[in-house]
Amino acid sequence: MSAEAADREAVSGSRPCTPPQASWFEFLLDPSLLEQHLQGPHPDPSPVQLIVQFLEQASKPSVNEQNQVQPPADNRRNRTLKLMALKVAAHLTWDLKVLEKGLTIPVLNMLLNELLCASRVPPGVKHVDLDLSTLPPTTAMAMLIYNRWAIRTIVLSSFPEKQTKPGPHQLNMMSLVQQEKELTENILSVLREQATDSIMVLEGALNIKKDFYVHTLRTLDLLAADPSTANGETESSTAGLRISADHLHCQVHYDLGGIYFQQGCSDPSVYEKAREHFRKARELLTKLDSSPSLCCVDEQRLAGYWSACKTLTGASDPSESQHTPYGQISCFMRNHDYGALIEAFIRDNVTFSLPNSFRHSIELELLHKLQQGDRALEEVCHKLCVCNAVRDALEGGVLSVSFHQLLLKPSKNTISFLLEVCTRSVDKEHRSETNKRKMALFIKTVCNRLEDVSLAFMVSSHKLFMELLQDEEKKILMEQMRKSSATVNLSAKPLPSFYDIPASASVNISQLEQQLILSLDPRHIQQILIELHGMAERPFWRVNSKWEVPVDYVNVILAIKDNLTRDLVYILMAKGLHCISIKDFAHARQLFTACLELVTEFSPKLRQVMLNELLLMEVRGHEAGAAEGNMERPPPDLVSRVRGYLEMRIHDLPLRQLVGEECVVFMLNWRENEYLTLQVPQSLVNNNPYIKLGQLIASTCKELPGPKESRRTAKELWEVVVQICSVSSQHKRSSDGRVSLLKQRESSMGILPRYCNGKIFLQSVDVEAVVVTLKELVNYALSLNPNNQLWLCTQADIYFVTNQYSAAMHYYLQAGTVCSDYFTKPVPPDVYNDQVLKRMIKCCSLLNCHTQVAVLCQFLREVDYMTAFKALQEQNSHDSMDSFYDYIWDVTILEYLTCILFKEDSISDQHKAAIKAIGQTELNSSNPEEVLQLAAQKRKKKFLQALAKLYF
């Protein structure tokens, strides 16, 4: 070896060598490496990253020889990858807290469904229909893990999200966020629908007193080696990781308490159930050991839940309320005794009995009420802010943004109260040297922050200032104040511009982000962002996943180079749009105006975007006023701006489709028919489909007084409506698959006759587009006239064609109730005609309510015996069967029913009920026709009332 080579080897050998990150396919090639990797001190990739990689690879679609995309293949490779993902989760002992933190909802949903499959949970059977006590231990445990995750996810999804965690989709950023969000919402929708079943499964687990077992790496290996022979061992009572009944019950009580607490927002009585579950969780937690288990109860959160439940249910021990700090504060808040609340906060600055986070949460709660309009709380909020600032200072923490804002323009009373709190917080009995030094620093900070020199002198003349600050410190501060008083004319000082608000001292990021989410004050929002960008450089527009701006504007906003400006524009627009959606137009105007002022300085394009959004806000504000009864015509300026928007042509300007729609609807609602029919430029009519549709509607409305003259325009209008709903490649579709002209929104375009809607089905149309159109039309119609039986039947028809049979029955029955005084009178035959009745029959059949089918077959003009007989032969009926026999008046159907029941079992309860029904004298065929008709009407009425109780 040459000297040069030796030198190179010595140099390279002396460098620390970082092992390369393991790749997922290495574990696929040699599965034995997985356990070795997981047992390392700091495995890279981490366990949750491995789960994501394994499931991502296993769920990749394949492409066949015809270059067609196929679902993921069910082959050995993919099964092994899924099994390895389960083994990693088993290594984590199925700790949902860890899995929820590291995995997105779609990935965790995929993982737990694989666990159900591997654990032999019967597919296609509802978990609530299975008896946990009879299932193998690992099967029962898999069901419990899945249902625990389901209700925990429902609870967690109700909290604000900060940012999305890495998922398996590898698309560009915006597509990734949107796609994952839609997938997550779909899963959450299913979980919420099944929440009642999940709760029942977990409630059932609390009745099982034996120990539970969960899959480990070993049991999963046994299943992989030979599922048929390993099944017995993995299902035995000794396989897997043992979880004691107490450990599991503690966790289940905690999780059930969480879901009941969340449901308490809409049903306060449920808080009692939550309190009881939390009580049992606390009791079990005190006697549990620290052995490995699935018990991942957050004890601090449990204590908070327990305290909240006692307060909400009024079940607190009176003596406890008087003697515990939490009980006292809850009592003061409940009784609106804010004077006592402030006194308690001042005393707590000495005793430190309340956590600082709890104190700040009380301040935020009252601040929220203040922002909602309760101006009487302004002074209370200021005083609580001062108390919390002193507490922060004594703990050596950072001062809140709200306190820094308070010091920008405080009153003399505020400074006087601050000095009182400071004095009482470091009284002679509790004056440690550390506390005195912290208080001195706090007073110096207050002096430096006060712009009003007279207030600064008020602080410096206080005895606490003289006692706590060192001579040199006092000298420097006094000199600074004298210079300020000599040079600053406070009365003439101008207000700061939107961009001139100074950044205050650094504060806790999570606290700032929380304030950023809550604030609706543009200046406050900007100041918080300045603080945040001074502490960390990251996109703060992603702090809250609920902040959304129209996709048309996203690229323009995210292209802003300055990070602070980009965040500010995005957040101001998102908050403004949210305010419009909840009809808070005052705050929306403030936010949009501030955003307009900001973008005017650097972007003509964004300036026009904001002007357009302000116009849309004004239009919606006026329409909201009209909906509340204010029928005053819009001001000419607003009408002129709407015309200007419709005629605007600016190259490369992002335009939101919704704005154009709303402007046309606005012109139609206020009968600006002259403009739409005569004054609008023909080029706009040819190029803008909304204006074309609006012109046709306006023309038809103008010519309605003369039917003959209006036929031409009415025909043109109808042709356009049919064209909108027709299947054609000429109409672009949005990302959700709807025809772009038919975006779902709160329509105010009026109502088309129902008979017209039926004709749409006679054309070659896109049924999906028709459904979207009809849904919006009918919802709006029913909001105007909820008792119109024709519209109720149309709503039922929509649910029928979209396979929502229970909802369809609800509206068919509602249509009958409104025209028969809750079925005390016969339903008119034009409402329950044969077509409607046959649809009701099909709904009941598809819902497996076969006895209901047989009864309804009698309602037809000609009784449908074949369908009735077939329905009565069905064995799998989900209705009460014999409880409906009394509603059958057709003797032929009753005779058939008696016959088939006799063949099955001559002494069954059903057979007895059938014999009783057919033996009623009023059904005797020898009776006069009037008696038979009366018997039929009586049974019709009672049957429909019984159905209404079932479906309403």
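Residues numbered from 1 in each chain as written. Predicted model: local features only at pLDDT ≥ 70, side-chain atom pairs only at ≥ 80, totals over all residues. Heavy atoms only, no water.

(A) Focus on the overall build of the protein. Of the regular secondary structure elements, the protein holds 48 helices and four strands. Here the protein, with 952 residues, has 46% of them falling under the buried criterion. At a minimum sequence separation of 6, the contacts of the protein that also span at least 24 residues come to 68%. Summed over all atoms, the accessible surface of the protein reaches about 49,100 Å², with 53% contributed by carbon and sulfur. (Helix = DSSP H or I, 4+ residues; strand = E, 2+ residues; numbered from the N terminus. Buried < 20%, exposed > 50% of the residue type's maximum accessible area, 1.4 Å probe, protein only. Contact = heavy atoms within 4.5 Å. Areas by Shrake-Rupley, 256 points an atom, 1.4 Å probe, with all protein chains shown as cover.)

(B) Fine view of the side chain of His 533. Tracing the sequence through the fold places His 533 in helix α28 (residues 522–535). Among the polar contacts listed, one links the side chain of His 533 to the side chain of Glu 537, at a separation of 3.4 Å. Contact partners of His 533, with chain neighbours within four places excluded, come to Arg 538, Phe 540, Asn 563, Leu 564 and Asp 567. (Polar contact = N/O pair within 3.5 Å; in protein donor to acceptor, adjacent residues only side chain to side chain.)

(C) Representation of helix α7 (residues 105–118) in the model. For α7, which comprises 14 residues, the first-to-last C-alpha distance of 20 Å matches the rise-based estimate of 20 Å (1.5 Å per residue) to within 8%. Of all the 14 residues making up α7, 11 are buried; the element is thus mostly covered by neighbouring parts of the structure. Looking one or two places after α7, you find Arg 120, whose phi comes out positive at around 65 degrees. (Expected span 1.5 Å × (residues − 1).)

(D) Up close: the state of the cysteines. Evaluation of the coordinates by the stated rule reveals zero disulfides. With no disulfide of its own, Cys 844 has Cys 849 as its nearest cysteine by sulfur position, at a separation of 5.9 Å. When its relative accessible area of 0% is taken as the criterion, Cys 844 is described as buried. (Disulfide = S-S within 2.5 Å.)

(E) Inspection of the pattern of salt bridges at higher detail. Counting across every chain of the model gives 31 salt bridges. In this structure, Arg 375 and Glu 378 form a salt bridge, with 3.5 Å as the shortest nitrogen-oxygen distance. Using a relative accessible area of 53% as the deciding quantity, one classes Arg 375 as exposed. Here Glu 618 and Arg 589 are joined by a salt bridge, their closest N and O atoms 3.4 Å apart. On the criterion of sequence distance, the pair formed by Glu 618 in helix α32 (residues 604–627) and Arg 589 in helix α31 (residues 585–600) is long-range, its members being 29 residues apart. Here the salt bridges do not stand alone but share partners, grouping Glu 100, Arg 148, Arg 152 and Asp 255 into one network. (Salt bridge = Lys/Arg side-chain N within 4 Å of Asp/Glu carboxyl O.)

(F) Structural context of helix α19 (residues 356–371). Across its 16 residues, α19 extends 22 Å between first and last C-alpha, which sits within 8% of the 22 Å expected from 1.5 Å per residue. When α19 is considered as a whole, its buried residues turn out to be Asn 356, Phe 358, Arg 359, His 360, Ile 362, Glu 363, Leu 364, Leu 366 and Leu 370. Downstream of α19 by a residue or two, Gly 373 has a phi angle that is positive, lying close to 120 degrees.

(G) Local environment of unusual backbone geometry. Phi is positive for Phe 352, close to 55 degrees, though the residue is something other than glycine. The exposure class assigned to Phe 352 is partly exposed, which follows from its relative accessible area of 33%. Non-glycine residue Arg 671 carries a positive phi angle of around 55 degrees. Its location among the elements puts Arg 671 in the loop between α34 (657–669) and α35 (673–679).

(H) Molecular detail of the nonpolar core. Counting 82 residues, the largest nonpolar core has Ile 51 and Leu 111 as the members making the most contacts within it. With 12 residues, the top contributor of residues to this core is helix α8 (residues 137–157). Not counting residues up to four positions away in its chain, the partners in contact with Leu 111 are Ile 51, Leu 55, Ala 85, Leu 86, Ala 89, Leu 99 and Leu 103. Within the second largest apolar cluster, 70 residues are counted, among which are Leu 564, Met 573, Met 667 and Ile 691. (Core = buried A, V, L, I, M, F, W, Y, C linked by side-chain atoms within 4.5 Å.)

(I) Summary view of the packing of helix α18 (residues 338–351) against helix α22 (residues 412–425). It is the contact of α18 with α22, at a shortest axis distance of 8 Å, that shows an interaxial angle of 40 degrees. By the angle class used here, α18 and α22 are oblique. From α18, Ile 342, Glu 343, Ile 346, Asn 349 and Val 350 reach across to α22, where they touch Phe 417, Val 421, Arg 424 and Ser 425. (Axes fitted to C-alpha atoms, helices over the stretch in contact; angles between N-to-C directions. Parallel < 35°, antiparallel > 145°, perpendicular 65-115°, else oblique.)

(J) Structural context of the packing of aromatic side chains. With the rule as written, the count across this model stands at 18 aromatic pairs. Ring plane angle 55 degrees and centroid distance 5.8 Å describe the contact between Tyr 146 and Trp 149, whose orientation is recorded as tilted. Here the residue Tyr 146 and the residue Trp 149 both occupy positions in helix α8, the gap between them amounting to three residues, near one helical turn. On the accessibility criterion, Tyr 146 (9% relative accessible area) is buried. On the basis of relative accessible area, Trp 149 is assigned to the buried category, the value being 1%. Ring geometry for Trp 541 and Tyr 570: centres 4.7 Å apart, planes at 45 degrees, overall tilted. Of the two residues, Trp 541 sits in the loop between α28 and α29 (551–558) while Tyr 570 sits in helix α30 (residues 563–581), which places them 29 residues apart along the sequence. One Lys or Arg, Arg 391, reaches over the ring of Phe 352 and ends 4.4 Å from the middle of that ring. (Phe/Tyr/Trp six-rings, centres within 6.5 Å; stacked < 30°, edge-to-face > 60°. Lys NZ or Arg CZ within 6 Å of the ring centre and 35° of its normal.)

(K) The arrangement of the confidence of the model for the protein in detail. This prediction gives the protein a mean pLDDT of 78; 82% of its residues lie at or above 70. For the protein, helix α39 (residues 754–760) is the element with the lowest average pLDDT, namely 37, and helix α43 (residues 834–846) is the one with the highest, namely 93. Every residue in residues 1–18 scores below 50 in pLDDT, and together they form two contacts with partners more than four places removed in sequence or on other chains. (pLDDT = per-residue confidence, 0-100.)

(L) Here's a closer look at the packing of helix α17 (residues 325–334) against α18. The geometry of α17 relative to α18 is characterised by a closest axis approach of 8 Å and an angle of 155 degrees between their N-to-C directions. Here α18 runs roughly antiparallel to α17, going by the angle between their axes. Crossing of α17 against α18: the hand is left-handed. Contact with α17, carried on its side by Ile 329, Phe 332 and Met 333, involves Tyr 338, Ala 340, Leu 341, Ala 344 and Phe 345 of α18 and no other residues of that element. Considering only residue class, the contact of α17 with α18 consists of eight nonpolar, no polar and no charged. (Left-handed = near helix turned anticlockwise from the far one by under 90°. Nonpolar A, V, L, I, M, F, W, Y, C, P; charged D, E, K, R; others polar.)

(M) Structural view of the side chain of His 404. Looking at where His 404 falls in the secondary structure, it is placed in helix α21 (residues 401–408). A polar contact is formed between the side chain of His 404 and the side chain of Arg 449, at a distance of 3.4 Å.

(N) Up close: the environment of Phe 442. Within the secondary structure, Phe 442 sits in helix α23 (residues 433–449). With 49 residues separating them in the primary sequence, Phe 442 and Ala 393 have C-alpha atoms 6.1 Å apart. If we ignore the near neighbours within four places in the chain, the residues touching Phe 442 are Ala 389, Val 390, Ala 393, Leu 399, Phe 403, Leu 418 and Cys 422.

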